[in-house]
Structures are given as C-alpha cells and as structure tokens.
Amino acid sequence: MRALLQRIARAPGGRRGKWAVLAVWLIVAVALGPPAGKLGDVEESGPNAFLPHGAESARVNTELEKFRTDTVMPAVVVYTGAGAREAADAERSALDRFVAAGQKVTGPVPSDDGKALMTVVPLDGEDEVTDTVDALRDVAGANAPPGTDVEVGGPAASLTDSVAVFDSLDSTLMIATGLVVTVLLLITYRSPVLWLFPLLSVGFAAVLTQASTYLLAKHASLPVDPQSAGVLMVLVFGVGTDYALLLIARYREELHVHEDRHAAMRIALTRSGPAVLASAGTIAVGLACLALADINSSRSLGLVGAVGVVCAFLAMVTVLPALLVLAGRWVFWPFVPRFGTPARKERTVWSRIGAVVARRPRWSWLMSVAVTGVLALSTAGISLGLTQSEMFQDKPESVVAQERISEHFPSGASDPAQIVARTPAAGAVRTAASGVDGVARVEPGGDRTPDGSLTTLSVVLEDAPDSEAAKDTVDALRTAVHAVDGADALVGGTTAESLDTARAADRDLTTVVPVVLLVVLAVLIGLLRALVAPVLLLATVVLSYLAALGGSNLLFEHVLGYAGVDWSIPLMGFVFLVTLGIDYNIFLMHRVREETARLGWSRGVLEGLTSTGGVITSAGVVLAATFAVFAGLPLVTLAQMGVLVGIGVLLDTFLVRTVLVPALALDLGRWFWWPGRLFREPPRADGGAGGDRRAAGTAGVRERAAGTSA
C-alpha cells in the first residue's frame with residue numbers, strides 16, 4: 001500500500017507531475033461541464049421515487065399507467081366561512097378552464113354540517129401541474145367576500161408544495177454550504193489565501209460528481225431523486241473539506257522538515273494517504289450498502305452519495321496537492337511554515353487533554369460511556385412517523401386545505417384510496433370494499449383500461465389519509481379485496497403509500513445495519529491489523545449514534561416542537577454517522593498506530609491525540625456545520641437529518657475521539673492491539689502511563705509530527 005501511494009504521490013507532488021495533474025483536471029472540468037448541468041434532467045420525481053421497491057402501492061401506481069385517468073390529477077378547492085356558497089358558485093365557471101380534456105368539475109359539494117363546500121378540479125397530469133395549480137390558486141377566491149377562506153389542496157396541490165421545496169433546494173444548499181465552509185476555513189487557517197484552495201478543489205469535485213451522477217443515471221440506471229441530488233453537494237463539500245484539512249495539516253508539518261516543497265507533499269500524501277483512502281472507502285461502501293434498502297429514496301441517497309465521496313477523494317488527493325505545490329509556501333501567510341523551525345508548541349490543548357485522560361483512563365472512558373448512555377436512553381421515547389401536515393416546518397396551503405376537509409367532510413374525501421382489479425370481478429371487489437369498517441363510501445362508476453381488462457375504484461376513507469386509523473382501514477381493505485377470487489386486486493393511494501413506507505423502513509433497518517457494521521469492521525481490521533481495537537472503535541461509534549439519536553429526539557420534542565421523527569431518519573442517520581463518524585477514529589488511530597510502533601503503547605496514544613487533535617476537531621466542526629445547513633430547510637425530514645448528523649459528528653469529535661477512544665487504548669495497553677504485531681512484539685520504547693503524562697506535558701514538536709491543528 002505504501003509503495004502504491006508513493007507512486008501515486010509522485011504525480012501531484014512532482015515538479016512536472018503537478019502540471020500534468022492540473023491540465024487533466026482542467027480538461028475534465030471543461031468536458032464534463034455540460035453534463036454536470038443536466039443532473040436535474042435525470043432526477044426521478046414520479047409517484048414511485050420515494051416508495052419501497054415492489055410495494056403494493058407502487059404496483060398500483062405502475063398499473064395506473066395503463067389508464068387514461070392516470071394523467072388526471074385532482075385539485076380540491078375548499079370554501080369555508082359566511083360567503084362560501086357565494087364564492088363557490090361565482091367561481092364555478094372560472095375553474096372550468098383548468099380542467100383536463102374529457103373531464104369536468106365536480107361540485108361544489110356541501111359538507112354535512114353545512115359550513116364548507118368542496119369543488120374537485122381534475123387537472124391534466126401530463127401538463128405542468130405545478131404551474132396549473134399556481135394559476136388555479138390565483139383564480140380561486142379572487143373575488144371571495146370578506147370572511148370567506150379559500151384553499152386549494154388535494155394531490156395536485158400537495159405535489160406542487162413538495163416541488164416548491166425541492167426547486168430551491170439545490171441552490172439554497174449550495175450557497176449556504178459554501179458560505180459556512182468559507183467562514184470556517186477562514187477561522188481555521190487565519191489566512192486570506194489558503195481557504196481558497198480547498199474550495200477550488202471541492203469545485204472540481206462537484207463538477208466531476210454531478211457529471212458522473214448524470215451519466216450513471218442516464219446510462220446505468222443509477223436512481224436519482226431531488227432529495228439525494230440536494231444532499232449530494234453537501235456531502236461532497238463536507239467530506240472533501242475534511243480530507244483537505246487532513247492533507248494540508250500534514251503537508252504543513254512536512255514543510256518544517258523538508259526544504260523542498262515537492263518532497264514535503266510527496267511524504268505528506270504517502271503518510272496521510274492510507275487514512276484518507278480508508279475513510280473514503282468506508283463511507284462509499286457504507287453508503288452503497290443502502291442499495292439493499294427497499295425504499296427507493298434510500299437506495300438513491302446511498303448510491304449517489306457513494307459516487308460523491310469517490311469523486312471528492314479523487315480531487316483531494318490529486319488537484320489539491322498540485323495546486324498547493326504550485327503555489328508554494330506563501331499560501332500559508334501570515335503563518336508561513338519555515339524549514340527547520342518547530343512544527344508546534346510544546347504545550348497544546350490536546351496535550352493537556354491527553355495528560356488528564358492518561359492520569360485516570362478507566363474513569364475517563366467510564367464517564368464518557370455514562371454521558372453517551374444517558375443520551376441514548378432517550379431513544380426509547382421516540383415517536384416514529386410524520387403525517388403529511390407534519391412534514392413541513394411551515395404549513396403549505398395544501399396542508400391547510402386538508403385540515404379544512406377533515407373538519408367538515410370525511411377526512412379521506414380529498415385523497416381516496418385507489419383499487420385496481422380485473423374488470424369481471426370489479427363488482428365483487430366493490431361489495432367487499434364497501435363492507436370494511438372505516439370506509440365512508442366507494443365512489444360510483446370506475447375507469448377502465450382501453451382494453452377493458454382492468455378497472456379502478458375510488459374508496460373514500462372516514463379518517464385523514466395519513467392517520468393511523470386510515471392505515472388500519474387500508475390493511476383491512478387489502479385483506480377484504482385480496483380474498484375476492486380472480487380479482488388480483490391491489491390497494492394504493494396516499495394512505496397505502498405511507499403504510500408501505502413505514503413497514504419497509506423497519507425492514508431496511510434490520511437488513512442494512514448489520515451489513516454496514518460488517519463493512520466498517522472489515523476496513524478497520526485491515527487498517528489497524530488488530531481485532532480488539534476495531535471492535536471497540538465500532539462499538540464507540542454505535543454508542544455515539546444512539547446518543548445522537550436520543551439527544552436529537554429531545555431537541556425535536558422539547559425545542560423544535562416536531563410531532564415525531566420521520567421513518568427514514570434512524571436508517572439514514574445510522575449510515576451517515578457510522579460511516580462519517582468512523583472517519584475521525586480512522587484519522588486518529590492510523591496516527592496512533594504509527595506512533596505506538598515508535599514510542600510505545602501509551603506514549604503512542606498520547607502523541608497521536610496531540611498530533612491529530614486540531615485538524616480532526618476542525619474537520620468535525622466543518623462537517624457538522626455543513627449538515628446543520630439542513631436545519632433551516634422547510635422540509636422536516638431533511639431538517640431532522642441535518643440536526644442528527646450534526647450532533648453525532650460533534651459527539652464523535654469532542655467526546656468519543658478526544659476522550660473515550662484514547663482512554664480505552666490507554667487502559668487496555670498492549671491488549672488494545674490484540675492479536676496484531678503491536679500486541680505480540682513490544683514497541684521500541686514505552687514510558688508507561690506516567691511517562692506519557694510527562695510526554696504530554698513537555699513534548700516538544702518533533703520534526704516528523706503530522707496532523708497539527710490548522
């Protein structure tokens with residue numbers, strides 16, 4: 001591995017190689033610019049984009065493609081207040097111009113309590129539905145008398161409000177993430193120039209990522225949806241900046257030792273390369289494990305994220321070193337690393353922390369476990385699942401319309417369940433569905449496919465489409481219609497989709513989590529060449545995830561006021577936190593292993609902590625801040641994921657990697673490295689815990705120190 005990295009490092013770190021690397025990247029950026037801008041063209045936002053693969057509700061959506069009525073998407077105009085009847089009658093003719101060909105406006109239908117009216121406007125689903133809904137909203141209620149409320153809801157309006165969130169998602173995230181990373185890099189480097197180099201390299205990575213994702217989606221069926229496309233850039237910014245911080249820190253240390261900056265970069269790449277490669281490999285493979293998930297959006301996020309991590313890795317170990325070597329030492333101004341000068345001060349905050357941990361290592365890790373364990377206990381009170389009205393930070397008009405419908409009509413009137421059955425058995429299916437508790441009515445008539453083989457039935461439920469009672473009704477409805485011989489009946493619709501997604505989320509959690517753990521464990525064993533250390537490191541990351549999930553739940557419930565946690569969050573949070581969180585353990589323990597072989601079991605741990613403390617902390621803060629950008633988005637699911645990942649990364653950075661892991665390594669000593677070479681063969685020097693405390697307090701900066709604080 002080291003020989004391979006040495007050969008790779010010759011290119012960006014060479015006197016001629018750096019020019020070749022930059023030329024290649026410029027050619028790649030120009031050539032891939034056009035396809036990179038087309039990523040939105042391959043995003044799948046259809047009815048099955050966020051559903052479980054093969055679920056009954058997804059099969060219904062597929063079957064509905066055979067019907068002409070599949071192109072019809074209803075919008076529901078709800079009138080409430082003293083002038084509801086007057087407004088509904090006056091606008092009846094104005095709404096006709098929005099109706100799809102061959103369809104007609106239904107209503108206004110009065111509620112049983114006489115306090116509301118509802119008009120159903122079937123829109124053409126093949127047109128720009130969102131534009132049509134916007135125009136419909138401008139017309140509806142334009143001349144309503146004072147005291148009359150008019151809202152547009154239904155499936156068409158819900159789609160419009162959801163699309164509005166994702167339309168601005170990419171640009172909002174890019175701008176916010178870029179600003180956050182820029183500010184943090186300025187604070188970290190305290191240089192007016194150096195911060196530009198990581199951002200420029202991330203820009204190259206972003207072009208490669210978007211173009212690769214577009215080409216894989218177009219030619220290799222890579223699933224891409226608006227959510228995964230938005231998260232992709234945040235991931236590239238966060239991971240790419242982390243790798244840049246690690247590499248730049250090591251390069252700066254080597255500049256104190258080597259007069260030739262090319263030699264310094266080659267050595268920096270060779271020595272930090274294994275950790276960066278192991279990190280990128282762990283994240284990419286861990287995210288790729290989401291391909292085993294049933295939910296299409298989870299599969300998309302995992303596979304697209306893996307592409308982004310690989311592209312970020314390639315950019316940070318090629319174009320960034322080439323740019324830094326080309327620029328020379330002056331990019332670090334005003335703190336230029338001079339050849340032959342000390343690389344860091346004798347006493348740092350990390351050496352002091354190491355000294356405290358070394359005095360009482362067992363007490364340190366027990367207290368760390370206690371703190372994270374208390375937070376983890378809060379996971380027991382998590383309420384999983386969000387209704388449609390709870391998915392947005394601010395209620396959109398479609399949600400308000402649904403609330404009005406639930407107050408005055410059967411709650412499912414605006415969004416009925418859909419049954420697809422064979423036409424000869426449609427009558428029997430209708431009878432079976434009508435007898436199910438929780439069904440308000442089965443709408444008369446029904447559409448057929450052009451060949452007449454299939455018939456659709458609309459079933460109005462008594463409860464709101466996204467309520468638990470409605471899900472129970474769908475379960476009973478499925479049982480009833482599945483029992484009709486020869487019908488091959490399927491039940492779909494919003495309620496069925498919510499039910500199928502919740503159950504698939506449970507299955508995905510039990511399927512993907514063990515695979516991710518095995519993958520991460522294998523990478524750690526290969527990197528550290530031991531068994532005890534990888535198992536303990538993995539356990540600390542899992543504990544950190546549970547603590548982050550529990551702490552986030554407390555924040556969601558008592559501070560942010562969320563009604564619950566979205567079904568996708570536990571799995572998404574686990575994969576992101578385990579793969580990203582293990583990064584810092586990889587960076588730390590790779591250096592600890594190197595120092596242990598030179599200084600001994602105890603001193604090696606403290607020197608590794610002291611050397612990597614600053615850069616890992618900076619990387620953790622940058623990564624947490626990039627994901628925290630999600631917290632300000634209007635979609636609760638993304639906000640929750642950003643908060644969870646941000647809290648988890650900070651726990652890993654400031655508690656797990658700083659205290660828990662070093663304390664475990666100090667307490668176990670040589671057994672931490674069982675059964676590897678460091679366990680079997682005593683290191684060349686070891687001063688014991690006491691010697692380490694003295695080293696932590698008085699260690700001068702060695703010429704070969706790496707990974708200092710940026």
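Located above this text is the structure these notes cover.
To keep things clear, this report deals only with the structure shown in the data block. (Residues numbered from 1 in each chain as written. Predicted model: local features only at pLDDT ≥ 70, side-chain atom pairs only at ≥ 80, totals over all residues. Heavy atoms only, no water.)

A tally of regular secondary structure across the chain gives 24 helices and eight strands. Expected size for 710 residues packed as a compact globule is a radius of gyration near 27 Å; at 29 Å, the chain falls within 12% of this value. Dimensions along the principal axes, computed over C-alpha positions, put the chain at roughly 85 × 50 × 50 Å. A burial count over the chain gives 59% of its 710 residues as buried. Contacts in the chain between residues at least 24 apart in sequence constitute 81% of all its contacts with a sequence separation of at least 6. In the structure as shown, the chain presents an accessible area of about 27500 Å², 59% of it carried by carbon and sulfur atoms. Between the mean site of the 57 positive side-chain charges and the mean site of the 67 negative ones, the chain shows a separation of 21 Å. (Helix = DSSP H or I, 4+ residues; strand = E, 2+ residues; numbered from the N terminus. Rg over C-alpha atoms; globule rule 2.2 N^0.38 Å. Buried < 20%, exposed > 50% of the residue type's maximum accessible area, 1.4 Å probe, protein only. Contact = heavy atoms within 4.5 Å. Areas by Shrake-Rupley, 256 points an atom, 1.4 Å probe, with all protein chains shown as cover. Lys, Arg positive; Asp, Glu negative; His and termini not counted. Charge placed at Lys NZ, Arg CZ, Asp CG, Glu CD.)

Once that is clear, we can look at unusual backbone geometry. The residue after Trp333, namely Pro334, is reached through a cis peptide bond having omega 15°. Tracing the sequence through the fold places Pro334 in the loop between α12 (319-327) and α13 (349-359). Note that the residue after Trp674, namely Pro675, is joined by a cis bond; omega there is -5°. Here Pro675 shows up in the loop between α22 (636-668) and α23 (677-680). Within the chain, Ser221 stands out as a residue other than glycine whose phi angle is a positive 60°. Here Ser221 lies in the loop between α8 (196-220) and α9 (226-257). Judged by its relative accessible area of 65%, Ser221 is exposed.

This next bit is on empty space enclosed by the protein. For the coordinates displayed, the defined rule picks out three cavities of 30 Å³ or more. Taken as a whole, the second largest cavity encloses approximately 40 Å³ of empty space. If you go around the second largest cavity, the residues you meet are Tyr243, Leu247, Leu269, Ser272, Gly273, Val276, Met316 and Val317. Among the elements of the structure, α9 and α10 (261-288) are those that each provide at least two residues to the lining of the second largest cavity. Top element by residues in the lining of the second largest cavity is α10. It accounts for four residues. Tallied by class, the residues present in the lining of the second largest cavity amount to six nonpolar, two polar and no charged. (1 Å grid on protein atoms, 1.4 Å probe; cavity = no way out; pocket = protein on both sides within 12 Å on 5 of 7 lines; lining within 4 Å. Points joined across faces, edges and corners; volume = space filled by probe spheres on them. Nonpolar A, V, L, I, M, F, W, Y, C, P; charged D, E, K, R; others polar.)

The next thing to look at is the pairing of strand β5 (residues 417-422). Here β5 pairs with strand β7 (residues 454-461) via six bridges, running antiparallel. Residue pairing across strands places Val420 opposite Thr456, the latter belonging to β7. Bridge count for β5 against strand β8 (residues 490-492) is three bridges, and the pairing is antiparallel. The partner of Gln418 across the bridge, within β8, is Gly492. (Pairing = 2+ DSSP bridges.)

On to the nonpolar core, then. With 160 residues, the main nonpolar core has Phe576, Met641 and Trp673 as its most contacted residues. What Phe576 contacts, discounting residues up to four positions off in sequence, is Val231, Leu235, Leu287, Leu301, Gly581, Phe627, Met641 and Val645. (Core = buried A, V, L, I, M, F, W, Y, C linked by side-chain atoms within 4.5 Å.)

Taking strand neighbours across the sheet as the criterion, the four strands line up as β2-β3-β1-β4 in an open arrangement whose pairing is antiparallel. Since the sheet does not close on itself, it has two edges, and those belong to β2 (106-110) and β4 (148-153), each with one partner. Taken over all neighbouring pairs, the strand axes of this sheet differ in orientation by 20° on average, direction set aside. Looking at chain direction, strand β1 (residues 72-81) and β4 are connected through six bridges and run antiparallel. Bridging across to β4, Gly81 finds its partner in Thr148. Helix-sheet contacts for helix α4 (residues 84-95) involve β1, β2, β3 (116-124) and β4, and the interaxial angle to β1 is about 150°. (Axes fitted to C-alpha atoms, helices over the stretch in contact; angles between N-to-C directions.)

Looking now at the state of the cysteines. Here the structure, examined in full by the defined rule, presents zero disulfides. We note that Cys289 lacks a disulfide partner, and the nearest cysteine sulfur, in Cys311, lies 19 Å from it. Exposure remark for Cys289: the relative accessible area of 8% places this residue in the buried category. (Disulfide = S-S within 2.5 Å.)

Whenever strands of a sheet pair, they do so through backbone hydrogen bonds, lying parallel or antiparallel. In spatial order, the strands read β6-β7-β5-β8; together these four strands make up an open sheet with antiparallel pairing. A single partner strand is all that each edge strand has here, and the edge strands are β6 (439-442) and β8. Sheet twist, expressed as the mean angle between neighbouring strand axes with direction ignored, is 30°. Here β6 runs beside β7; their pairing, made up of three bridges, is antiparallel. Within the sheet, the bridge partner assigned to Val442 lies in β7 and is Val459. Packed onto the sheet, helix α3 (residues 56-64) meets β5, β7 and β8 and runs at close to 95° relative to β8.

Once that is clear, we can look at the packing of aromatic side chains. Inspection of the entire model under this criterion finds 10 aromatic pairs. Between Trp25 and Phe204, the ring centres sit 5.8 Å apart and the planes meet at 65°, which makes this aromatic pair edge-to-face. Here Trp25, found in helix α2 (residues 17-36), pairs with Phe204, found in helix α8; they are 179 residues apart in sequence, far enough to count as distant. Given the relative accessible area of 9%, Trp25 is considered buried. Note on Phe627 and Phe630: the rings are 5.9 Å apart at their centroids and 55° apart in plane angle, and the pair reads as tilted. With relative accessibility at 0%, the residue Phe627 sits in the buried group. (Phe/Tyr/Trp six-rings, centres within 6.5 Å; stacked < 30°, edge-to-face > 60°.)

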